[in-house]
Amino acid sequence: MFLLKAWRSSAFGIYGYLNFTKAGFIEHSKKFKAEETEIRIDGKNCIVTGANSGIGYATAEGLASRGATVYMVCRNKERGEAALSKIKSSTGNQNVHLEVCDLSSVGDIKFFASRFSLKDEPLHVLVNNAGVLEQNRVTTSEGYELNFAVNVLGTYAMTELLLPSLEKAAPDARVITVSSGGMYTAPLTKDLQFSDGNFNGVEQYARNKRIQVALTEKWAEVYKNRGVGFYSMHPGWAETPGVNRSLPDFSKSFSGKLRTSEEGADTVTWLALQPKEKLVSGAFYFDRAEAPKHLMFAATGGSHGLIDSIVENLRSLSAISS
């Protein structure tokens, strides 16, 4: 097990250094087609979680600049209002709204989803961007480990509860979940809240992000006839407030080599804009292209067989009926 973990870490480090940095983005962007992100989406409703900073902010701004009606879901009202004002000013789009919701609380998410459903409007794009990497074990008011609560349970609850609104936008609706390249280092595990062994925040984050990729596969399979596409992606290594706060040593050592938030958000925006026939539901994307979900010899692929039992667990914990 030690050797396998060491291999995963080494393979991820090399693969990441070659692809996930700003230099990787510049190289990959040579193949980008400008017209693919010049598409307007006036009148389409988009929800972006964790939208007050970093990749979430860049995504919300990018969608607003293309005419979308954007709902920014943020935990902090003051920071959310500041981000909302900036986006309205920079894009000239006044159809941008703040929704205050704690993504670590299933109760809060249920309240938000019920408020949105009362609008009786189609939801064209849901971007599950909100994420946290807490190095120490922190327990939420509902009794869950914080990383898991936001990254996994929150993502699951938000998506399941908004599915009726997404179906109203079928066949154009889509769910985009922002994962992380860190998931390459972790297989799926039933130990969702890292109860076994000494808690490691970075490893828990990687496990959470692996679950998001497997969840996306499962949603694509289960809801394939609902007119909703499901996509996961990762933004590469971007310099965001979250990364600076959670991984200060990493940020310092890669100073000047990290992507901007806008570069990290590029594929999220691209996924939101493309005709669905160009995309593969259940796939994992990076820099506007389908990407592998597993690194060579990392022995993570077989673990996806656990997703059914994980979904059952999440359904139970969130008290959401199928």
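The protein chain has the name Short-chain dehydrogenase/reductase in an unreviewed UniProt entry, where Trema orientale is given as its organism.

(A) The arrangement of the overall build of the protein chain in detail. A count of helices and strands for the protein chain gives 11 helices and 8 strands. Here the protein chain has a C-alpha radius of gyration of 18 Å; the compact-globule value for 322 residues is 20 Å, and the two agree. The buried share among the 322 residues of the protein chain stands at 55%. Put simply, 76% of the contacts in the protein chain that link residues at least 6 apart link residues at least 24 apart.

(B) Spatial organisation of the nonpolar core. In terms of nonpolar packing, the biggest core is built from 44 residues, with I47, L162 and L314 touching the most fellow members. Mapped onto this core, the elements with two or more residues apiece are β2 (69-74), α5 (106-118), α6 (146-167), β5 (173-178), α7 (201-222), β6 (228-233) and α11 (307-318). The leading source of residues in this core is α6, at 12 residues. Counting residues in hydrophobic clusters, the runner-up holds 30 residues, among them C46, Y57, A68 and C74.

(C) Molecular detail of the packing of aromatic side chains. For the structure shown, the criterion picks out 21 aromatic pairs. On the numbers, 5.9 Å between centres and 55° between planes, the contact of W270 with Y285 is tilted. Pair noted here: W270 is in helix α10 (residues 261-273) and Y285 is in strand β7 (residues 284-286), with a separation of 15 residues, a long-range link. Grouping aromatic residues by their ring pairs yields a cluster made of F12, Y15, Y17, F20, Y184, W237, F250, F254, F284 and F286. Lying across the ring of F194, R207 places its NZ or CZ 4.0 Å from the centre.

(D) Structural context of the packing of helix α3 (residues 54-64) against helix α4 (residues 77-91). Relative orientation of the contacting elements α3 and α4 amounts to 35°, with a least axis distance of 10 Å. Judged by the sense of rotation from one axis to the other, the crossing of α3 with α4 is right-handed. Facing Y57, A60, E61 and A64 of α3, the residues of α4 in contact are A83, K86, I87, S90 and T91. Residues of the contact of α3 with α4, tallied by class, amount to 5 nonpolar, 2 polar and 2 charged.

Reading the values: the criteria
Residues numbered from 1 in each chain as written. Predicted model: local features only at pLDDT ≥ 70, side-chain atom pairs only at ≥ 80, totals over all residues. Heavy atoms only, no water. Helix = DSSP H or I, 4+ residues; strand = E, 2+ residues; numbered from the N terminus. Rg over C-alpha atoms; globule rule 2.2 N^0.38 Å. Buried < 20%, exposed > 50% of the residue type's maximum accessible area, 1.4 Å probe, protein only. Contact = heavy atoms within 4.5 Å. Core = buried A, V, L, I, M, F, W, Y, C linked by side-chain atoms within 4.5 Å. Phe/Tyr/Trp six-rings, centres within 6.5 Å; stacked < 30°, edge-to-face > 60°. Lys NZ or Arg CZ within 6 Å of the ring centre and 35° of its normal. Axes fitted to C-alpha atoms, helices over the stretch in contact; angles between N-to-C directions. Left-handed = near helix turned anticlockwise from the far one by under 90°. Nonpolar A, V, L, I, M, F, W, Y, C, P; charged D, E, K, R; others polar.

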